[in-house]
Amino acid sequence: IYYVELFSAAAAQQADAAPVLALMPLPGDVDVVLASELMEAARAVQRGLVTPDRTTLVASTHRVYAIAEMIAMADGRADSAALLQQARAAAKRFVGYDMAQATEASASVISAVLFGALAGTGVLPFERMAFEDTIRRGGVGVEASLLAFAAAFERAAQPDAPAHLDAPAVVTSALPKASHPQVQALIDRAARSHSGAALHIVIEGLRRLVDYQDVAYAALYLDRLDAVQVVEHAHAPGSQALSQEVARHLALWMSYEDTIRVADLKTRGTRFERVRSEVKVAAGQVLAINEYMHPRLQEIADSLPAGLGRWLLASNWPRRVVARLAAKGRVVMTSSLRGFLMLRGVAGLQRWRRGTLRFAHEDQRIEAWLADVRLVAAQDLPLAVEIARCQGLVKGYGDTHERGLRNYAALRSARLSGGAQVTAAVLGELRQAALMDEHGKALQAALVKHALA
């Protein structure tokens, strides 16, 4: 927190008016709060620094996710709409809009936008010219900063408009048209079997899997979905609840992250363009991109043909040699020819992915999961939906993937051993517990609670 107190010269001349200044702002005593991001504004509200009797809150409504939100095992993002509502309710006046977007539009920095909004509120006893002179004295990016300042000043000086978040993307009813006839055939096939929200999930699944592997792999996705849909419609005609969940989670599982996928994504032209745009590379500047890579023994074995990978993991000295070589990570400069070609070579293994050890393992797990879903759907559709959602535990690669698999196996074991007592609600509670911490303490407590440990 950067905190400033102002005490007028006129007040200082009054008897017994010597200022008593604080080292930190105190709840109830703050006139203006500036926040460059919505969660930052919410923290100020939580600390009591924003009060409805005196505080003007100037904040950007965009989000920069906190570490706790990003490292959550599930979707750990705070509800932006709730944060916005709290900020609006807590302040005497709230000036809030997407200042990051305004910053981009003016090619400036967000501090210039905040400065302009502060000036526009009129809560400080300074004329506009005093603010602008301050920017000019800085001597850096003056024109862009003045442009950002002016736009923010005008917006803040207007009567308050209700702050809002960007509306979510609208899903259109029109289906995409593919240039490749085989891909178009898959889209047409999906449209004959699915509708509404489920259809759009299936279309995105097809898009993802064609990109991940090939058309035949996407066709396998539809074959697997059709088998689930047959069981669902036999026991719940017209229902799409199970098909929709399976469509989403099956696409994610079939496009699991392996070394081939990582290498492919890191060497795509679109990624280089995005990085250049984000860091605003100017003409004549050279961009260097360094990737930290740390493939472990298991991931190396998983990338080999299945037989060779099993031999390596079961071997003696070859296993130790590879483990020693993989003990430390390394930096690969993908913007260099050598680094780029190295990763493109790994990405080129895509055509042989079906023969790798990792594919054999994941394919077996997927089939077992789908068999569980179909079997349970015949007796308890809500429980089958929860089993489908359990796939969300299996994600990422390396240690993250291993933890997810352990949690998934623990839930499957608990369901099989618990019998009828493991209802959809109980399995859903266990699934949420598994996503609460990476050490599995919450899951273990939930298993004990339901006598399933």
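Description of the structure in this document. These figures come from a predicted structure and were not determined experimentally.

Each value, and the rule that gives it
Residues numbered from 1 in each chain as written. Predicted model: local features only at pLDDT ≥ 70, side-chain atom pairs only at ≥ 80, totals over all residues. Heavy atoms only, no water. Phe/Tyr/Trp six-rings, centres within 6.5 Å; stacked < 30°, edge-to-face > 60°. Helix = DSSP H or I, 4+ residues; strand = E, 2+ residues; numbered from the N terminus. Buried < 20%, exposed > 50% of the residue type's maximum accessible area, 1.4 Å probe, protein only. Pairing = 2+ DSSP bridges. Axes fitted to C-alpha atoms, helices over the stretch in contact; angles between N-to-C directions. Contact = heavy atoms within 4.5 Å. Core = buried A, V, L, I, M, F, W, Y, C linked by side-chain atoms within 4.5 Å. Parallel < 35°, antiparallel > 145°, perpendicular 65-115°, else oblique. Left-handed = near helix turned anticlockwise from the far one by under 90°. Nonpolar A, V, L, I, M, F, W, Y, C, P; charged D, E, K, R; others polar.

1. Structural notes on the packing of aromatic side chains
Here the distance between the centres and the angle between the planes together describe a pair of aromatic rings.
Then, in step 1: Scanning all chains against the criterion turns up 11 aromatic pairs.
Then, in step 2: Judged by centre distance (6.0 Å) and plane angle (55°), the ring pair of phenylalanine 115 and phenylalanine 149 falls under tilted. Of the two residues, phenylalanine 115 is situated in helix α6 (residues 110-121) and phenylalanine 149 in helix α8 (residues 142-157); the sequence distance between them amounts to 34 residues.
Then, in step 3: Taking relative accessible area as the criterion, phenylalanine 115 reaches 25% and is therefore assigned partly exposed.
Then, in step 4: In this structure phenylalanine 149 comes out as buried when scored by relative accessible area, which is 0%.
Then, in step 5: Taking the centre distance of 5.5 Å and the plane angle of 50° together, the rings of tryptophan 253 and tryptophan 369 count as tilted. Residue tryptophan 253 is located in helix α12 (residues 241-254), and its partner tryptophan 369 is located in helix α19 (residues 357-377); the two are separated by 116 residues in the primary sequence.

2. Overview of the side chain of histidine 249
Then, in step 1: Within the secondary structure, histidine 249 sits in helix α12.
Then, in step 2: For histidine 249, a relative accessible area of 5% translates into the label buried.

3. Details of the sheet that holds strand β2 (residues 56-60)
Then, in step 1: Taken in spatial order, the 3 strands line up as β1-β2-β3 in an open sheet, and their pairing is parallel. The sheet is open, and its two borders are formed by β1 (32-35) and β3 (93-97), each paired with just one other strand. Adjacent strand axes in the sheet meet at a mean angle of 5° when their direction is disregarded.
Then, in step 2: Relative to β3, β2 runs parallel, the two sharing 5 bridges. What sits directly across from serine 60, in β3, is tyrosine 97.
Then, in step 3: Packing of helix α5 (residues 99-106) onto the sheet brings it into contact with β2 and β3, and relative to β2 it is tilted by some 60°.

4. A word on the nonpolar core
Then, in step 1: Counting residues in each nonpolar core, the largest one holds 60 residues, and the members touching the most others are Leu206, Tyr221, Leu242, Val246, Leu250 and Trp369.
Then, in step 2: Apart from residues lying up to four places away in sequence, tyrosine 221 is in contact with Ile201, Val202, Gly205, Leu206, Leu209, Ala247, Leu250, Ala251 and Met254.
Then, in step 3: Ranked by size, the runner-up nonpolar core spans 19 residues in total, among them Ala35, Ala41, Leu49 and Ala87.

5. As for the packing of helix α11 (residues 215-235) against α19
Then, in step 1: Between α11 and α19, the shortest axis-to-axis distance is 9 Å and the interhelical angle comes to 15°. The angle between α11 and α19 falls in the class roughly parallel. The two elements α11 and α19 meet at a crossing, and its hand is right-handed. Judged by residue contacts, Tyr217, Arg224, Ala227, Val228, Val231 and His235 of α11 engage Phe359, Asp363, Ile366, Glu367, Leu370, Val373, Arg374 and Ala377 from α19.
Then, in step 2: Along the lines of polarity and charge, the residues of the contact of α11 with α19 split into 9 nonpolar, 1 polar and 4 charged.

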